[in-house]
There are 2 protein chains.
Amino acid sequence: MDVKELYQKQEQLLNEEVTLQGWIKNHRKQKEYGFIDFSDGTYFKHVQLVYDDQLQSFEEIQKYHIGSAITVTGQVIPSIGKGQDFEIKVKTIKLEGSCPEDYPIQPKRHSNEFLREQAYLRPRTNLFNAIFRVRSVTAMAIHEYFQERGYVYTHTPLITTADCEGSDQMFKVTTLDLNNLPKTKDNKVDMTKDLFGKQAYITGTGQLHGEAFAMSYKKIYTFGPTFRTENSNTKVHANEFWMIEPEIAFCDLEGLMDIEEEMLKYIVSYVLKKCSLEIEFFDKYVQKGLKEKLEKLVNSKFIRITHHEVIDILKKANIKWEFEPDYEEDIAKEHEKYITEYFNGPVFITNWPKDIKAWYMKLNDDNKTVAAVDLEVPGAGELMGGSQREEDYDKLMTRIKEMNVDEETVDWFCNLRKFGGCYHSGFGMGFERLLIYLTGVDNIRDVIPFPRTPGNCDY
Amino acid sequence: MDVKELYQKQEQLLNEEVTLQGWIKNHRKQKEYGFIDFSDGTYFKHVQLVYDDQLQSFEEIQKYHIGSAITVTGQVIPSIGKGQDFEIKVKTIKLEGSCPEDYPIQPKRHSNEFLREQAYLRPRTNLFNAIFRVRSVTAMAIHEYFQERGYVYTHTPLITTADCEGSDQMFKVTTLDLNNLPKTKDNKVDMTKDLFGKQAYITGTGQLHGEAFAMSYKKIYTFGPTFRTENSNTKVHANEFWMIEPEIAFCDLEGLMDIEEEMLKYIVSYVLKKCSLEIEFFDKYVQKGLKEKLEKLVNSKFIRITHHEVIDILKKANIKWEFEPDYEEDIAKEHEKYITEYFNGPVFITNWPKDIKAWYMKLNDDNKTVAAVDLEVPGAGELMGGSQREEDYDKLMTRIKEMNVDEETVDWFCNLRKFGGCYHSGFGMGFERLLIYLTGVDNIRDVIPFPRTPGNCDY
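Remember, predicted model here, so these are calculated numbers, not experimental data.

A. Expanded view of the overall build of chain A. Looking only at helices and strands, chain A has 14 helices and 16 strands in total. Dimensions of chain A, computed from C-alpha atoms along their principal axes, come out at roughly 85 × 60 × 45 Å. Taking all 459 residues of chain A together, the buried fraction comes to 63%. Across chain A, every contact between residues at least 6 apart in sequence was considered, and the portion connecting residues at least 24 apart equals 67%. When the accessible area of chain A is evaluated, it comes to approximately 19,100 Å², of which 45% is carbon and sulfur surface. Charge centroids of chain A, computed over 58 positive and 74 negative side chains, lie 3 Å from each other.

B. Broad picture of the packing of aromatic side chains. One pass over the structure, following the stated rule, counts 72 aromatic pairs over all chains. Geometrically, the ring pair formed by tryptophan 412 of chain A and phenylalanine 450 of chain B is tilted, given 6.0 Å between the ring centres and 40° between the ring planes. Placement of the pair is tryptophan 412 of chain A in helix H13 (residues 411-415) and phenylalanine 450 of chain B in the segment after helix H14 (431-439), with the two residues belonging to separate chains. Summarising the burial analysis for this pair, tryptophan 412 of chain A and phenylalanine 450 of chain B share the class buried. Between phenylalanine 146 of chain B and tyrosine 151 of chain B, the ring centres sit 4.8 Å apart and the planes meet at 65°, which makes this aromatic pair edge-to-face. For tyrosine 151 of chain B, a relative accessible area of 5% corresponds to the buried category. Over the ring of tyrosine 437 of chain B we find lysine 293 of chain B; its NZ or CZ atom is 4.0 Å from the centre of that ring.

C. Quick look at the confidence of the model for chain A. On average, chain A scores 95 in pLDDT, and the residues at 70 or more come to 99%. For this predicted complex, the interface confidence comes out at an ipTM of 0.96, alongside a pTM of 0.97.

D. Seen up close, the interface of chain B and chain A. Listed by partner, the interface residues are 104 residues for chain B and 105 residues for chain A. When chain B packs against chain A, close to 8,900 Å² is buried across both sides, 63% of that on carbon and sulfur atoms. Where chain B packs against chain A, one counts 8 salt bridges. Lysine 218 of chain A serves as the salt-bridge partner of aspartate 2 of chain B, at 3.1 Å between the closest nitrogen and oxygen. Take the side of chain B that touches chain A: its biggest share by element is 12 residues, from helix H5 (residues 126-148) of chain B.

E. Representation of the sheet that holds strand S5 (residues 86-97) of chain A. Residues and elements named next belong to chain A. The strand order around the closed barrel built from 5 strands is S1-S2-S3-S5-S4, with neighbouring strands paired in mixed fashion. Ignoring which end each strand starts from, the neighbouring axes of this sheet average 55° apart. Examined bridge by bridge, strand S2 (residues 33-39) and strand S3 (residues 47-52) share 6 bridges and lie antiparallel to one another. Looking across to S3, one finds that phenylalanine 38 is bridged to valine 47.

F. Summary view of H14 of chain B. All names here are of chain B. Burial analysis of H14 places 8 of its 9 residues in the buried class, which makes it a mostly covered element. Every buried residue of H14 is accounted for by Phe431, Glu432, Leu434, Leu435, Ile436, Tyr437, Leu438 and Thr439. At the C-terminal side of H14, glycine 440 shows a positive phi close to 80°.

G. Here's a closer look at the relation of the copies chain B and chain A. Aligned on chain A, chain B shows an RMSD of 0.0 Å; the corresponding rotation is 180° and the shift along the axis is 0.0 Å. What the superposition gives is, in effect, a two-fold axis relating one chain to the other. It is valine 173 of chain B whose C-alpha, among those of chain B, lies nearest the rotation axis, at 2.3 Å. Of the interface residues in chain B, 100% have counterparts in chain A that sit at the interface too, so the contact is made through matching surfaces.

H. Representation of the side chain of threonine 350 of chain A. Residue placement: threonine 350 of chain A occurs in strand S13 (residues 347-353). Overall, the relative accessible area of 7% leaves threonine 350 of chain A in the buried class.

I. Spatial organisation of the packing of helix H9 (residues 290-299) of chain A against helix H14 (residues 431-439) of chain A. Residue and element names in this part refer to chain A. The contact between H9 and H14 brings their axes to 8 Å, and the two run at 115°. Contacts between H9 and H14 involve Leu290, Lys293, Leu294 and Leu297 on the former and, on the latter, Tyr437, Leu438 and Thr439. In terms of residue class, the contact of H9 with H14 is built from 5 nonpolar, 1 polar and 1 charged.

J. Structural view of the nonpolar core. Of all hydrophobic cores here, the largest spans 230 residues; its most connected members are Leu264 and Phe413 of chain A together with Leu264 and Phe413 of chain B. In contact with phenylalanine 413 of chain B, not counting residues within four places along its chain, are Leu208, Glu211, Trp359, Tyr360 and Leu396 of chain B.

K. How the structure looks around the sheet that holds strand S12 (residues 303-306) of chain B. Residue and element names in this part refer to chain B. Here we have 8 strands laid out as an open sheet, ordered S6-S10-S11-S16-S15-S14-S13-S12, and mixed in their pairing. In this open sheet, the two edge strands, each paired with only one partner strand, are strand S6 (152-153) and S12. In this sheet, strand S10 (residues 219-227) lies alongside S6 in parallel orientation, the contact comprising 2 bridges. When the bridges of S10 are listed, tyrosine 153 appears paired with tyrosine 221. Packed on one face of the sheet, helix H6 (residues 207-217) meets S6, S10, strand S11 (240-249) and strand S16 (424-430) and runs near 30° to S11.

L. View of the packing of helix H6 (residues 207-217) of chain A against H5 of chain B. At their nearest, the axes of H6 of chain A and H5 of chain B sit 11 Å apart, and the two run at 115° to each other. Our classification of the angle between H6 of chain A and H5 of chain B gives roughly perpendicular. As H6 of chain A runs across H5 of chain B, the sense of the crossing is left-handed. Together, Phe213, Ser216 and Tyr217 of chain A of H6 of chain A and Phe128, Asn129, Phe132 and Arg133 of chain B of H5 of chain B make up the contact between the two elements. Class assignment for the residues of the contact of H6 of chain A with H5 of chain B results in 4 nonpolar, 2 polar and 1 charged.

M. Geometry of the pattern of salt bridges. This structure, assessed with the given rule, holds 64 salt bridges over all chains. With a closest N to O distance of 3.4 Å, glutamate 391 of chain A and lysine 362 of chain A form a salt bridge. One end of the pair, glutamate 391 of chain A, is in the loop between strand S15 (381-388) and helix H12 (393-402); the other, lysine 362 of chain A, is in the loop between S13 and strand S14 (369-377), with 29 residues separating them in the sequence. For glutamate 391 of chain A, a relative accessible area of 25% translates into the label partly exposed. Between glutamate 341 of chain B and lysine 337 of chain B there is a salt bridge, with its nearest N and O atoms 3.2 Å apart. With glutamate 341 of chain B and lysine 337 of chain B both in helix H11 (residues 333-343) and 4 residues apart, the pair spans about one turn of that helix. Lysine 337 of chain B gets classed as exposed once you look at its relative accessible area, which sits at 52%. Residues participating in the shared-partner salt-bridge network are Glu254, Asp258, Glu261, Lys265, Lys301 and Arg304 of chain A.

The rules behind the values
- Think of each chain on its own: its residues are numbered from 1, step by step along the sequence as written.
- The naming scheme follows written order: chains are lettered A onward, ligands numbered 1 onward.
- It should be noted that, the model being predicted, local features are given only for residues of pLDDT at least 70 and side-chain atom pairs only at 80 or more, the latter also being counted only at that level, while totals for whole chains, interfaces and linings use all residues.
- Note: side-chain values were computed over all heavy atoms of the structure, leaving out hydrogens and water.
- Numbering of helices and strands runs from the N terminus; a helix is a DSSP stretch of H or I covering at least four residues, while a strand is a stretch of E covering at least two.
- The rule is simple: take the accessible area with a 1.4 Å probe, protein chains only, and divide by the maximum for that residue type; under 20% is buried, over 50% is exposed, in between is partly exposed.
- A contact between two residues is defined here by any heavy atoms of the two lying within 4.5 Å.
- For accessible areas, the Shrake-Rupley method is used with a probe of radius 1.4 Å. Any residue's cover is judged against the shown protein chains and nothing else.
- In this tally, Asp and Glu contribute negative charge and Lys and Arg positive charge; neither His nor the terminal groups of the chain are included.
- Charge positions are represented by NZ for Lys, CZ for Arg, CG for Asp and CD for Glu.
- Here the aromatic set is Phe, Tyr and Trp, taking the six-membered ring for Trp, and pairing holds for ring centres within 6.5 Å; pairs whose planes are under 30 degrees apart are stacked, those over 60 apart are edge-to-face, and all others are tilted.
- In this analysis the charged atom, NZ for Lys or CZ for Arg, is taken to sit over a ring once it is within 6 Å of the ring centre and within 35 degrees of the ring normal.
- Note: pLDDT gives the predictor's confidence per residue, expressed from 0 to 100.
- Note on terms: buried area is the combined drop in 1.4 Å-probe accessible area of two parts once they are placed together, counting the loss on both.
- A pair is scored as a salt bridge if a Lys or Arg side-chain nitrogen falls within 4 Å of a carboxyl oxygen belonging to Asp or Glu.
- For two strands to be treated as a pair, DSSP must find no fewer than two bridges joining them.
- Whenever a helix is involved, its axis is fitted only over the stretch in contact; in every case the axis is a line through C-alpha atoms, and angles between N-to-C directions fall within 0 to 180 degrees.
- When the copies are superposed, the least-squares fit draws on C-alpha atoms of residues that have pLDDT of at least 70 in both.
- Gly is put with the polar residues, along with every residue not named as nonpolar or charged; the nonpolar set is Ala, Val, Leu, Ile, Met, Phe, Trp, Tyr, Cys and Pro, and the charged set is Asp, Glu, Lys and Arg.
- We call a set of buried Ala, Val, Leu, Ile, Met, Phe, Trp, Tyr and Cys residues a nonpolar core when their side-chain atoms join them within 4.5 Å.
- Should an angle fall under 35 degrees it is taken as roughly parallel, and over 145 as roughly antiparallel, whereas 65 to 115 is taken as roughly perpendicular and any remaining angle as oblique.
- Crossing chirality is assigned from the near helix's rotation relative to the far helix, an anticlockwise turn below a right angle marking it left-handed and a clockwise turn marking it right-handed.

Structure (structure tokens):
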């Protein structure tokens, strides 16, 4: 039986005998008694096991160290101690796997930095156990949201030759022996000898392929790993992370914002409901006010405002900015913070200067801005970025030339505009950024099971 | 409104006006009438649009080519034609995106080979529309199966330095300029200059990392892309594919088979229910008897038999084998076929010779076989492969040395045995192999949106 099931059925199981399998999280030994804090990882709460010296194996059990794997059989009895409704009176304990006394995960507060060094053990701690369960539940929330609404989950390829975000930001993949590379006559690497016959990359986005499927299914979403080669050691950058990229045909920028808002509220409500213990834990130990922040989001109406209007507000503010707000420029972290505080809630910022945005975004009639939208959320900054896509073939080709995109690798993508193209929109949401928002944890390394950052590819 | 919704609510929508957005799949023009076969991709069935010369735009509409994107408003009326319950009497049609007459996807039978060359357009055909919708629904079935049972969905890293399947089978990833590689004193590539400071790969499995999480959560599953460098041009090999890898603590080989059997039946039932139109289509046009095959699987009891017993049966069979069955060897495709026909259903084959199986599998007491299990399914061969894992640290180290695994990259994995290790098991299921089984399609290139095979990395 799982601990989760035991908690769910605790009333009907009272006085019954149960068998559990899991790990010793803490062990307090007294002369005639012992108390084991037990968890099998299926539930945030632990179970207290009580044993006494009437057991033949009393002395043996007292030797079991924290971290050991055990099978325990015992009776569910009302708890006399505080903080729990029931406990298990041990009948037998079988040691499944021992654990040495110098086991790194002890029942005390470890720093997140220390635990990153123990990535393969850290999900055994309360904090990381909660984080990665929320990660799993949040992933399911996303799938349910889209599947219930008829979106087709599309597995876009990770290995690609298409240049969407710029190939200098992508990892090269190869089967060639780097110490013995085949060369062409002019002493360049002969990529025709590689498995795909040309230089391939692992991708930073599934958007281009997603658009092709949106032109077939109307509504699709991707959810998979993406990669960036950025050599940044910040709290919000990782070289491998997961992205959700929905793409919707016959959808304009207003329609896109409706979807983003509905989806985010759905996810937050889902996690509040399914992970209430974890959220309460984060609220208490990670980010005070987290639960209230999340509940408030669900009930708020998101503001919609243009980039130009945002700059107006920033310029009028009686603040000495580190970066002066500019109608032609991106906004800085300090501006994001001000704007979400100004409106006291999530803000969609639309119609950005074209030169700071991607080549595939729809050019507005002013010829200066594109139909892009970023969602700024209090306390987390930009959570999603999307746009209406340029559906006009000629305008798209002009942008491709202006932005030096490798035309040959995206010709099929452009052709989508020739063969029954239509107005359409999509957005991307970084899964880890969402998790940072949901858990209050502030470092991306702590919401990824085995994070990859510059210089770090252990485990 | 989506076409799916229209079909679901057709009775209450009769005589009502609706607006649909999608694409022209076929267009039959008569002097006073026109008939458009319309689809928006949300449902396998199309909708017939009828328009007549009473419309001002009659002549304009008659010019619209197959493939064009349109917005149509019209009245839902009972159909006079056969094969459908209702049709739409057109009031207005707006052309959203035109399509030239030489559009590659015409309403006729195209070969799968031709359509592979049009990977970005092929989901618009009935066949591929059905395949990739089944892919999406099957993915959801898998998530629901595991989430309902408390498994934690674990995103194991794709970029890795751990040597599980052998690094010669993995793609190298690098940010270095291949035409200008940094060198060490002894003229080797200086991998310390790469982003991670060493040679990294994209992985062929999430199992090692999955085990670490199973030792924290008891039950976990992975579901993500995996990669192999195999230079094979067969119907069943691709260089990029998706895998599901559940890993369960306190689970032995019998328990593992219970899970595999229950999961497969759950998935097949789910797809039969949610994709009945698609399955009927495959049954009619792709693989006769498909539906019966799937229904039979759901109601069958899977056989459990050892590798040794299988070889006994094969040797006793009155058949001239191409490959002679051998107690020390793997079984060939012809043997798999014979065994599933012999038992007339799915067969678990257990306890394989250790030398043909992976290093992390549990050595049986006979010291000759390992506690591995392959599931063989009629008409598809091996669908899943799993094993109880070696939980004994010393035995594992012996195998690592025997099999020349790079010890240093998997030391953390081995340490799991020291820190409260326990008996545990897991399996891997190739997602595309499952889809081949579910759809009857026989080439892996046709169940992957944008397949990657040697020499093929277009789109």
